[in-house]
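Geometric and topological summary
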Amino acid sequence: MKKKNKKYRWGLKLATLALSSSVLFSTIDTASAATYTVKSGDSLWKIANQYGVTYQTLMKWNNLSSTTIRVGQKLNLNTPLTSATISTPTPKPTAAPKPTVTPKPTTNLVQVAKKQLGVKYTFGGSKPSTGFDCSGYVTYVYNNAGISTARKSAAGFYSSAKKVSSPQVGDLVFFANTYKAGISHVGIYIGNSQMISASDGGVSVANLNSSYWKSHFAGYGRIK
């Protein structure tokens, strides 16, 4: 019975020794896995790639200010990843909406222009009650159609307008050498090669292809 007890105690000691050794080696392995000793030929990127992390993470774990490392240097590999090492995509800024360009109210402009048909011609006139000259008529129509413009002469409108070769309804039509040299008459283009203007016979519609207007035609312009 004593021999059996001795054998039992001896076996228990061996089991305890084996367990202690296992724990000891496990502890040593864990400790060694927590650091890495830099060898010749190593780079921070190579070590990071080996352990499945970024070199920036290694730098953060080891408080490195640069990627320079030296042989024999021990690098910490056991610091858990934090939220700082996980890149969160930054939402793209929303593009500012493009400003809405209000189209020129050409329909209203033509309506305002045609309401004055038949109003008499008055040199220097700028309102229906007293009559219009060509530039006074243009000024009145544009302002009452919501397109603000100062009173100018026909030549003044020509100088300030953007010159265009393909007119749109509401653009200006200029003529030269009618009653004086240079730009001397202005009308409003209403489409189909027609304009409306205040001329000697009062406010009326005219065909731009007529011999008179064609011979004095100077170009088209658009209020800027």
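Here, every reference points to the structure presented above.
Conventions we followed
- Residues numbered from 1 in each chain as written.
- Predicted model: local features only at pLDDT ≥ 70, side-chain atom pairs only at ≥ 80, totals over all residues.
- Heavy atoms only, no water.
- Helix = DSSP H or I, 4+ residues; strand = E, 2+ residues; numbered from the N terminus.
- Buried < 20%, exposed > 50% of the residue type's maximum accessible area, 1.4 Å probe, protein only.
- Contact = heavy atoms within 4.5 Å.
- Areas by Shrake-Rupley, 256 points an atom, 1.4 Å probe, with all protein chains shown as cover.
- Salt bridge = Lys/Arg side-chain N within 4 Å of Asp/Glu carboxyl O.
- Pairing = 2+ DSSP bridges.
- Phe/Tyr/Trp six-rings, centres within 6.5 Å; stacked < 30°, edge-to-face > 60°.
- Lys NZ or Arg CZ within 6 Å of the ring centre and 35° of its normal.

So, the overall build of the chain
The number of helices and strands found in the chain is seven helices and ten strands. Within the chain, the proportion of its 224 residues that are buried is 33%. When contacts within the chain are restricted to residue pairs at least 6 apart in sequence, long-range pairs at least 24 apart make up 49% of them. When the accessible surface of the chain is summed, it comes to about 14700 Å², and 57% of that surface belongs to carbon and sulfur atoms.

Topic: the pattern of salt bridges
Taken as a whole, this structure holds two salt bridges when the rule is applied. The salt bridge involving Arg 151 is made with Asp 133; its shortest N-O contact spans 3.0 Å. Here the residue Arg 151 occupies a position in the loop between α5 (134-144) and α6 (154-160), and Asp 133 occupies one in the loop between β4 (131-132) and α5, the gap between them amounting to 18 residues. On the basis of relative accessible area, Arg 151 is assigned to the partly exposed category, the value being 38%. Here Asp 133 falls in the buried class, since its relative accessible area comes to 6%. A salt bridge links Asp 171 to Arg 222; its shortest N-O distance comes to 2.8 Å. With Asp 171 in the loop between β5 (162-164) and β6 (172-176) and Arg 222 in strand β10 (residues 217-222), this residue pair connects regions lying 51 residues apart in the sequence. A relative accessible area of 0% places Asp 171 in the buried class.

Some words on the pairing of strand β7 (residues 183-191)
Most of β7 sits inside the fold, with nine of its nine residues counted as buried. Sheet topology note: the β6/β7 ladder contains five bridges and is antiparallel. Looking across to β7, one finds that Ala 176 is bridged to Ile 183. As consecutive antiparallel partners, β6 and β7 are separated by six residues, and within that stretch Asn 177 has a phi angle of approximately 60°, a positive value. In the sheet, β7 pairs with strand β8 (residues 194-199) via three bridges, with the strands oriented antiparallel.

Concerning unusual backbone geometry
At Asn 177, a residue that is not glycine, the phi angle is positive and equals roughly 60°. Summarising the element assignment, Asn 177 is placed in the loop between β6 and β7. The exposure class of Asn 177 is partly exposed, given its relative accessible area of 45%. Here the phi dihedral of Ser 193 falls at roughly 60°; this positive angle occurs in a residue that is not glycine. As for its placement among the helices and strands, Ser 193 is situated in the loop between β7 and β8.

Digging into the packing of aromatic side chains
All told, the structure shown has nine aromatic pairs when counted by the stated rule. Ring geometry for Phe 132 and Tyr 140: centres 5.2 Å apart, planes at 50°, overall tilted. On the accessibility criterion, Phe 132 (0% relative accessible area) is buried. Ring geometry for Phe 175 and Phe 217: centres 6.3 Å apart, planes at 75°, overall edge-to-face. Here Phe 217 lies in strand β10 and Phe 175 lies in strand β6, a separation of 42 residues in the sequence. One aromatic cluster in this structure is built from Phe 175, Tyr 189, Tyr 212, Trp 213, Phe 217 and Tyr 220. Between the NZ or CZ atom of Lys 163 and the centre of the ring of Tyr 158, over which it lies, the distance is 4.5 Å.

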